[in-house]
Amino acid sequence: MKRTELHIVIGGGIAGCLTAIMRSRAGYRVLLLERAEARSSEAYPICTGASNIVSENHSGAEYPFDPQSARDCFDGRLVNERFFPDLVFGGKDHSRVIASQAMQDSGTDIIGQCRENMRVIQDRYAQLCAEDPANALFGAPEQVCREIPAPDGVADVGAAFVTPQRGINPVVVTALLDQELRRSGVEVRGGADVTGVSRRPDGTYQVEYVEDGARKTVVGDQVALCAATETPAIARRLNPSLALPPIYMALRQILFVELPERTTKNYTCLKLEDEYGGMFSPFSQDTALVYYPPAAHIAVHRVDPTTYALPDDFRHFLRNGHPEAAERAQLALRQLSQWYPEVRGAEVVSAHLKVAINTTDSSRLRRNAGVLDVAPGCTATVLLKWTMCVVNARRDLEAALRHSIATGNADRDEYAELVARGTVPIAPPSDVPAWQHRLGIFARNMGVPERLAAPFVDAGEPDGGLTRAVPSLASS
């Protein structure tokens, strides 16, 4: 590049961290502004909001009515597998998908749809393996998804399947991102509450924020908006004519539970029964995340199409908690114990509110808004699925490089090399025991149970899981 540009990334969730890391690796000087404050001087205040309880690297199997979403998710799933070290999965190997017999009996052919969706994923995997043999991470295409006998002790099973979805441990992911932000030289400022972004006459961007009660201003060559629920509103203020999709924000309650006995299950379990399904996702030897939509879905609002502001009641509940939290938690445990024997006797460790962003009120439609070009030199990432995080970060980097080329600050023949440099896979820590020792700091920083900082040491046998070509660091 002819000179080093300063890029400002707003938001320290998974999207913001990856955007900052990839841009910095490509040669930009990067400043990441995050509203949250660190609870420890040893950790950046990252992944403290919508990213702190993300648990799944989806394979597309949860979208039996939408083949394109299934393909999109599988593509992202494969890219994530190649980008992140295996240890982010905490020893978990696969997912178990249960199609409800009750849903089948009610007239919806969920079993047939699941079988067809498995074929969609198999065909996509076969295509990707043919395009690049390095994509063959899950064994033979005909084995990437398969039907299995009904699991013992699980009620209402019309059919069951194994898929390559893998649960991730968000504490481990956050610790890796912190490590990579430091390695790549990103400057991170916590406690920086952005109040305004404007484009200056010379094409640069002025970002105003409050830090320690003082109003501050920084000017950068480019800006990336990655502030989750705040991103659509900032983007609309910058460009009132920007075409944004209809956006719905859902306030949800997610539970962490303590399992009654040591859990050696190395899978996630999903039950598909219209909107009344659920998820069981072990994170550590005795702790799992559980999700039951009727109890978890507190409210869904389509945001104002002019301002795209977060609903006021959502802000209130996020600050003060929800009055029905305990009742909803017990309802989730009662219902899920019918489907997941592991939940029987479990006790709630903590309940967490999060805002999920959707581009539709139906989960049967595509939900990846990707990277939006807000204005020259300004992008916005609306990350609807964690599965798409690396794909979207790469798209953001490509957009940044195109702008640098357009403004004469980079040469076109640099493009491919800089994209490759920015998207090199994250290397695992050189001293894993010392690194694992610090995981508790990140759990406290993220506001999640500290027991999540102890991923599986020995996840046990795959129990009908997938044969994988990638060795597991968690069991080494």
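The name given to the protein in an unreviewed UniProt entry is FAD-dependent oxidoreductase, and the organism recorded there is Micromonospora reichwaldensis.

It is worth spelling out the sheet that holds strand β11 (residues 214-220) at this point. Taken together, 3 strands build an open sheet; the order of strands is β9-β10-β11 and the sheet is antiparallel. Each edge of the open sheet is held by one strand with a lone partner, namely β9 (192-199) and β11. Neighbour-to-neighbour, the strand axes of this sheet turn through a mean angle of 20°, independent of strand direction. As defined by bridge partners, β9 adjoins strand β10 (residues 205-211) across 7 bridges and the pair is classed as antiparallel. Note on β10: the bridge partner recorded for Val194 is Tyr209.

Attention shifts here to helix α13 (residues 439-446). With 7 of 8 residues buried, α13 is to be regarded as a mostly interior element. For α13, the complete set of buried residues consists of Leu439, Gly440, Ile441, Phe442, Ala443, Asn445 and Met446. Residues of α13 that are buried sit in contact with α5 (170-184) and α12 (432-437). Phi turns positive one or two residues past the end of α13, at Gly447, with a value near 75°.

Below, the discussion takes up the pairing of strand β2 (residues 29-33). Counting buried residues along β2, 4 of its 5 residues qualify, which places the element largely inside the surrounding structure. Bridging between strand β1 (residues 6-10) and β2 involves 5 bridges; their strand directions are parallel. Bridge pairing links Ile10 to Leu33 in β2. Each parallel crossover has a hand, and the one from β1 via helix α1 (residues 14-25) to β2 is right-handed. Where β2 meets strand β8 (residues 187-189), 3 bridges bridge the pair, whose relative direction is parallel. Bridge pairing in β8 links Leu31 to Glu187.

This part covers the packing of α1 against helix α10 (residues 389-406). Running from N to C, α1 and α10 cross one another at 45°; their axes reach a closest spacing of 9 Å. Comparing the axis directions of α1 and α10 gives the class oblique. The way α1 lies across α10 gives a crossing that is right-handed. Contacts between α1 and α10 involve Ile14, Leu18, Thr19, Met22 and Arg23 from the first element and Cys389, Val390, Ala393, Arg394, Asp396, Leu397 and Ala400 from the second. When grouped by side-chain class, the residues that make up the contact of α1 with α10 number 8 nonpolar, 1 polar and 3 charged.

Relative to the helices and strands, Tyr415 resides in helix α11 (residues 415-422). With a relative accessible area of 26%, Tyr415 lands in the partly exposed category. C-alpha separation for the pair Tyr415 and Ala26, spaced 389 residues apart in sequence, amounts to 9.5 Å. With sequence-adjacent residues up to four places away left out, Tyr415 is seen in contact with Glu398, Leu401, Arg402 and Ile405.

The next thing to look at is the nonpolar core. Among the nonpolar cores identified, the biggest contains 85 residues, and Leu18, Phe84, Val88, Val171, Leu177 and Leu181 are the most heavily contacted of them. With 9 residues, the top contributor of residues to this core is helix α4 (residues 110-131). Excluding residues that lie within four positions of it along the chain, Leu18 makes contacts with Phe83, Phe84, Leu177, Cys389, Val390 and Ala393.

Inspection of every chain in the model, using the stated rule, returns 23 salt bridges. For Arg166, the salt bridge identified is with Glu81, shortest N-O distance 3.0 Å. Placement of the pair is Arg166 in strand β7 (residues 166-167) and Glu81 in helix α2 (residues 67-83), with a sequence separation of 85 residues. Classification of Arg166 as buried rests on a relative accessible area of 2%. Given the relative accessible area of 5%, Glu81 is considered buried.

Parameters at a glance
Residues numbered from 1 in each chain as written. Predicted model: local features only at pLDDT ≥ 70, side-chain atom pairs only at ≥ 80, totals over all residues. Heavy atoms only, no water. Pairing = 2+ DSSP bridges. Helix = DSSP H or I, 4+ residues; strand = E, 2+ residues; numbered from the N terminus. Axes fitted to C-alpha atoms, helices over the stretch in contact; angles between N-to-C directions. Buried < 20%, exposed > 50% of the residue type's maximum accessible area, 1.4 Å probe, protein only. Contact = heavy atoms within 4.5 Å. Right-handed = clockwise from strand over helix to strand, strands pointing away. Parallel < 35°, antiparallel > 145°, perpendicular 65-115°, else oblique. Left-handed = near helix turned anticlockwise from the far one by under 90°. Nonpolar A, V, L, I, M, F, W, Y, C, P; charged D, E, K, R; others polar. Core = buried A, V, L, I, M, F, W, Y, C linked by side-chain atoms within 4.5 Å. Salt bridge = Lys/Arg side-chain N within 4 Å of Asp/Glu carboxyl O.

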